[in-house]
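# Residue-level structure breakdown
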Amino acid sequence: MSIIESPCILVCAIDMKTGYCFGCGRTREEIGAWSNFSPEARRAIMAVLPSRLETVERRPRRETRRSRMAREREEEA
């Protein structure tokens, strides 16, 4: 089984203004169908992500998965 290329950085929250993920810049639809896309289609989407990320707000409006995991690790220590 091969590894699927993904731009995910575990900052999983959607900017309601643009519809793009704060972390990776993909839409909900792209995230949901990511494993079904061909490698070429994934690379084409990844090519436009930097310009998308320039349009999203810099801060998610809720706690992200990454920050929640870090907080939970600190609480356990």
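Structure shown above.
Report on the accompanying structure. Source: prediction; values computed, not measured.

Across its full length, the chain holds three helices and zero strands. Going from N to C terminus, the chain has its helices and strands arranged as α-α-α. Expressed along its principal axes, the backbone C-alpha trace of the chain runs to roughly 45 × 35 × 15 Å. The buried share of the chain, taken over its 77 residues, is 26%. A separation of at least 24 residues holds for 51% of the contacts in the chain among residues at least 6 apart in sequence. A total accessible area of about 5600 Å² is found for the chain, and carbon and sulfur atoms account for 54% of it. Of the charged side chains in the chain, 15 are positive and 12 negative; the average position of the first set lies 2 Å away from that of the second.

Here the focus is the packing of aromatic side chains. All told, the structure shown has one aromatic pair when counted by the stated rule. Aromatic side chains Trp 34 and Phe 37 sit 6.0 Å apart centroid to centroid with 85 degrees between the ring planes, which places their arrangement in the edge-to-face category.

Within the fold, Asp 15 resides in the segment before helix 1 (28-33). Classification of Asp 15 by relative accessible area gives buried; the value is 0%. A polar contact of 3.0 Å, which involves the side chain of Asp 15, links it to the side chain of Thr 18. Beyond its immediate chain neighbours, meaning those up to four positions away, Asp 15 contacts Tyr 20, Phe 22, Thr 55, Val 56 and Glu 57.

Note on terminology: disulfide describes a covalent bond linking the sulfur atoms of two cysteines. For the structure on display, the rule yields zero disulfides. Its sulfur unpaired, Cys 12 is 4.3 Å from the next cysteine sulfur, which belongs to Cys 8. Here Cys 21 stays unpaired: no disulfide links it, and the sulfur of Cys 24, its closest cysteine neighbor, is 3.8 Å away. For Cys 21, a relative accessible area of 3% puts it in the buried group.

As for its placement among the helices and strands, Arg 66 is situated in helix 3 (residues 65-76). Judged by its relative accessible area of 43%, Arg 66 falls in the partly exposed class. C-alpha of Arg 66 to C-alpha of Glu 54: the two residues are twelve residues apart in sequence and 20 Å apart in space. The contact partners of Arg 66, leaving out residues within four places of it in the chain, are Ile 9 and Leu 10.

Conventions adopted
- Residues numbered from 1 in each chain as written.
- Predicted model: local features only at pLDDT ≥ 70, side-chain atom pairs only at ≥ 80, totals over all residues.
- Heavy atoms only, no water.
- Helix = DSSP H or I, 4+ residues; strand = E, 2+ residues; numbered from the N terminus.
- Buried < 20%, exposed > 50% of the residue type's maximum accessible area, 1.4 Å probe, protein only.
- Contact = heavy atoms within 4.5 Å.
- Areas by Shrake-Rupley, 256 points an atom, 1.4 Å probe, with all protein chains shown as cover.
- Lys, Arg positive; Asp, Glu negative; His and termini not counted.
- Charge placed at Lys NZ, Arg CZ, Asp CG, Glu CD.
- Phe/Tyr/Trp six-rings, centres within 6.5 Å; stacked < 30°, edge-to-face > 60°.
- Polar contact = N/O pair within 3.5 Å; in protein donor to acceptor, adjacent residues only side chain to side chain.
- Disulfide = S-S within 2.5 Å.

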